[in-house]
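# A structural walkthrough
The chain contents come next:
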Protein chains: 2
Amino acid sequence: MPTRPSSGVSRRGLLSGLAALPSLPGLLVATTTNAQAPAGVLPSWNDGPAKQGILDFVRATTDQSSKNFVAPEDRIATFDQDGTLWVEHPIYTQAMFALDRVHALAPQHPEWKTHEPFKAVLSNDPSALAHFTERDWAEILFVTHSGMKEAAFLEIAGQWVATAKHPRFKRLHTELVYQPMIELLDYLRAHQFETFIVTGGGQDFVRVYSQRVYGIPTQKVIGSSGAKKYEIKDGKPELMRLPKLFFNDNFDGKAIGIDLFIGKRPYAAFGNSTGDQEMLEWTGAGEGARLKMLVYHDDAQREYAYGPAGGLPDTKVGTFTRALFDEAKSRSWTVISMRSDWNRIFAWE
Amino acid sequence: MPTRPSSGVSRRGLLSGLAALPSLPGLLVATTTNAQAPAGVLPSWNDGPAKQGILDFVRATTDQSSKNFVAPEDRIATFDQDGTLWVEHPIYTQAMFALDRVHALAPQHPEWKTHEPFKAVLSNDPSALAHFTERDWAEILFVTHSGMKEAAFLEIAGQWVATAKHPRFKRLHTELVYQPMIELLDYLRAHQFETFIVTGGGQDFVRVYSQRVYGIPTQKVIGSSGAKKYEIKDGKPELMRLPKLFFNDNFDGKAIGIDLFIGKRPYAAFGNSTGDQEMLEWTGAGEGARLKMLVYHDDAQREYAYGPAGGLPDTKVGTFTRALFDEAKSRSWTVISMRSDWNRIFAWE
């Protein structure tokens, strides 16, 4: 059962701190607000190896006297989105958007009533969705994301994001961002790190809300994208969205995408699935201090438990497999336990 | 013959200013340092429509009381490189790099002695180069830019940039940047514009020196790029450069590239050739104040005269055609005359 401490100190962190302490009452206060973790820094993070790893990394890379000091223009931090910055269950958010769009567009496509995968979507059968192939998803994504002007898509996506609610939490998806990660983004930016989203999801979809929700402008959102065509229509230039994948920003694509869009190796990278493995490998292969962290979903009560921690089916955007766990251990990546390392998951808790 | 005034006031600008003046000696001083163009701002620009256009645009977009005020996070300015920020004659700089690399690699390729286009390159026959097809150039670019690790290419390009000199000016290519454009980049950044390079040339090549020369970090350099492959070699991840075009950032590709990398329409765009036409169109199609400028090479004495202004052959990266001139006029784009609008072209003059 997950611990839900109401203060910024976790049971695990407090106990391990106490074990190392001589029994002098005065020292207890000093330890819970020690120099490495000043009060008010990353308040939703419990004391422990994950929080300490972040604090140590930032000190090592930003203290001018450190041998691992990094010039401000090279301070790049990259974040996966789905499952790392916000909830990706029961299916990732953009897939929910696509399914809603299939329903909205169905009146114009009577043929969908008998044509898979649309028939299954329209029948609202969740068990059918679980068996969709990559090709099924591609068909759903193309029909809902292309064949229109860029501006039209952004308008449709923006309206959906402003109104659609999560089936379990009954809140806007943009309220389902992880408060500890928002604090981490702010903390890194306060230390002159540039924070980028590197998502396997659609770049344009995330750009609709990235500034407002994460403080990350469109030009720092790297993601998967479809091909576009430049056309002059009635004397006005337009970008038309084509039903064709241009860049798949997942797995090895994340390392390639970082090189393509940023041109620098990150010093810190955060993910939660096999789709993030190459991003963390690429980050870790650089010299000096590099922070590599995986968010592990082991809190069925407050959020979800999946991967080795739980019995939920894998999401379509990648999974936290046993092999990824082993890789993390062998490469000394830090695994963030949502249950133990975060005393708060959502801002509204 | 070009005018070369030694002060910040051009003959043309001074004369037109005098014509409108009553004969009061006191006013002359006030006019040459009027409120729109305070002393010290854009000093290498002569007073005239181009400089005034820049000053008016910046005021309109950054003055909070202006109806065309633009929030700082949306202040995007995009610059072509070759012929807009630095010299692109007799051929563009990266092509010179590629030709030098053919010479350097020739000992490992005895077959090049009889195989075109390499035979022509090795014979140092400039007239042959003028007849190279796009396919010839592609072959030269692939053989000199791919088949190696990313890090190896950056090292080779960096060494070339640090030592190779321009055939006419006998200076490093990085000294052949246009001082008025450097001042313009600084001026826009001082007003919270983000400045991006959007080049038809190779993204990775430009990124080697963009921070040092233009103050533009790699993550704000958008250009043409080759495909890359992520590989684990001896346990270490590497990005390998493949002999295959991934993205052609020229013509319509510039509008598409801006959308892909930035996700916002620029408020200001600067180019010099047909390859920049769609970038300026895309910029100009936005609402509010949008600055669209073309650098026109009409100064054979201090730099080069080409396009309608001169008899030099077209460069491979695009040309300033008569049609582009007409387009500029019909869309009210500002044409910057290097001869008349710039009192200094290079910092070392």
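Going by the structure above, here's the rest.
One structure accompanies this document, and this report is about it. Computed from a predicted structure; not experimentally measured.

Turning next to the relation of the copies chain B and chain A. Here chain B sits on chain A after a turn of 180° about the axis and a move of 0.0 Å along it, with an RMSD of 0.0 Å. Taken together, these values place the two copies in the relation of a two-fold axis. Ranked by how close their C-alpha atoms come to the rotation axis, the residues of chain B are headed by Phe261 of chain B, at 3.3 Å. With an isologous cut-off of 70% or more, the 100% of interface residues of chain B that recur at the interface of chain A puts this contact in the isologous class.

Within the element layout of this structure, Glu278 of chain B appears in helix H13 (residues 277-284). Although buried, Glu278 of chain B forms no salt bridge, and the nearest oppositely charged side chain, Lys254 of chain B, lies 8.8 Å from it. When residues no more than four places from it in sequence are discounted, the contact partners of Glu278 of chain B are Tyr230 of chain A together with Phe251, Asp252 and Ala255 of chain B.

The geometry of two aromatic rings is summed up by the distance between their centres and the angle between their planes. Residues and elements named next belong to chain A. Under the defined criterion, the tally for this structure stands at 48 aromatic pairs over all chains. With 5.5 Å between their ring centres and 70° between their planes, Phe97 and Trp160 make a pair best called edge-to-face. One end of the pair, Phe97, is in helix H4 (residues 93-105); the other, Trp160, is in helix H8 (residues 150-163), and 63 residues separate them in sequence. Ring centres of Tyr296 and Phe320 lie 4.8 Å apart, and the angle between their planes is 65°; on these two criteria the pair is classed as edge-to-face. Of this pair, Tyr296 sits in strand S6 (residues 291-296) while Phe320 sits in the loop between S6 and helix H14 (322-330), and the two are 24 residues apart along the sequence. Under the relative-accessibility criterion, Tyr296 is labelled buried at 8%.

Spatially, the seven strands line up as an open sheet ordered S4-S3-S2-S1-S5-S6-S7 (chain B), and their pairing is mixed. Two strands in the sheet have a free side with no partner beyond their single neighbour: strand S4 (236-247) and strand S7 (334-337) of chain B. Across this sheet, the average inter-strand angle for adjacent strands is 35°, counted without regard to direction. Of the pairings in the sheet, the one linking strand S6 (residues 291-296) of chain B to S7 of chain B comprises four bridges and is parallel in character. Within the sheet, the bridge partner assigned to Val295 of chain B lies in S7 of chain B and is Ile336 of chain B. This element, helix H12 (residues 252-261) of chain A, spans strand S3 (221-233) and S4 of chain B of the sheet and lies at about 145° to S3 of chain B. Contacting strand S1 (76-79), strand S2 (194-202), S3 and S4 of chain B, helix H12 (residues 252-261) of chain B crosses the sheet at an angle of about 130° to S2 of chain B.

All names here are of chain A. Strands sit in the order S4-S3-S2-S1-S5-S6-S7 across an open sheet of seven strands; the sheet is mixed. Only two strands of the sheet have a single partner each, and these edge strands are strand S4 (236-247) and strand S7 (334-337). Recorded for the sheet is a direction-independent mean angle of 35° between the axes of neighbouring strands. Relative to strand S1 (residues 76-79), helix H9 (residues 179-190) is tilted by about 165°, and along the sheet it contacts S1, strand S2 (194-202), strand S5 (268-271) and S6.

Glancing now at the pairing of strand S3 (residues 221-233) of chain A. All names here are of chain A. Note that S2 and S3 share three bridges and pair parallel. Across the sheet, residue Ile197 finds its bridge partner in S3, namely Val221. Bridging between S3 and S4 involves eight bridges; their strand directions are antiparallel. Note on S4: the bridge partner recorded for Lys228 is Arg241.

All right, on to the pattern of salt bridges then. Oppositely charged side chains can form a pair if their charged atoms are brought close together. Applying the stated rule across the entire model yields 35 salt bridges over all chains. Between Lys254 of chain A and Asp276 of chain A there is a salt bridge, with the nearest N and O atoms lying 2.7 Å from each other. Taken together, the positions of Lys254 of chain A in helix H12 and Asp276 of chain A in the loop between S5 and helix H13 (277-284) put the pair 22 residues apart, joining distant regions of the chain. For Asp276 of chain A, a relative accessible area of 0% puts it in the buried group. Between Arg241 of chain B and Asp204 of chain B there is a salt bridge whose closest N-O contact spans 2.8 Å. Highlighted residues: Arg241 of chain B in strand S4 and Asp204 of chain B in helix H10 (residues 203-207), separated in sequence by 37 residues. An identical accessibility class is assigned to Arg241 of chain B and Asp204 of chain B; each is buried.

What follows concerns H14 of chain A. Residues and elements named next belong to chain A. When H14 is considered as a whole, its buried residues turn out to be Leu324, Phe325, Glu327 and Ala328. Each buried residue of H14 sits inside an arc of 165° when the element is viewed along its axis, so together they form one side. Summarising the geometry of H14, the exposed residues directed more than 90 degrees from the buried face are Arg322, Ala323, Lys329 and Ser330. Structurally, H14 contributes buried residues whose contacts are with H13, S6 and S7. With its phi angle positive at about 60°, Ser332 sits one or two positions after the end of H14.

Going from His89 of chain A to Pro90 of chain A, the amide bond is cis rather than trans, its omega being 5°. Considering the arrangement of structural elements, one finds Pro90 of chain A in the loop between S1 and H4. Residue Pro117 of chain B is reached from Glu116 of chain B by a cis peptide bond, and omega for that bond is 5°. Relative to the helices and strands, Pro117 of chain B resides in the loop between helix H4 (93-105) and helix H5 (118-122). For Asn124 of chain A, which is not a glycine, the phi torsion comes out positive at approximately 55°. Mapped onto the secondary structure, Asn124 of chain A falls in the loop between helix H5 (118-122) and helix H6 (126-129). On the basis of relative accessible area, Asn124 of chain A is assigned to the exposed category, the value being 55%. The backbone phi angle of Lys170 of chain B is positive, close to 55°, even though this residue is not glycine.

Rules of the game
- Residues numbered from 1 in each chain as written.
- Chains lettered and ligands numbered in written order.
- Predicted model: local features only at pLDDT ≥ 70, side-chain atom pairs only at ≥ 80, totals over all residues.
- Heavy atoms only, no water.
- Least-squares fit on C-alpha atoms with pLDDT ≥ 70 in both.
- Contact = heavy atoms within 4.5 Å.
- Helix = DSSP H or I, 4+ residues; strand = E, 2+ residues; numbered from the N terminus.
- Buried < 20%, exposed > 50% of the residue type's maximum accessible area, 1.4 Å probe, protein only.
- Lys, Arg positive; Asp, Glu negative; His and termini not counted.
- Salt bridge = Lys/Arg side-chain N within 4 Å of Asp/Glu carboxyl O.
- Phe/Tyr/Trp six-rings, centres within 6.5 Å; stacked < 30°, edge-to-face > 60°.
- Pairing = 2+ DSSP bridges.
- Axes fitted to C-alpha atoms, helices over the stretch in contact; angles between N-to-C directions.
- Arc of directions from axis to C-beta.

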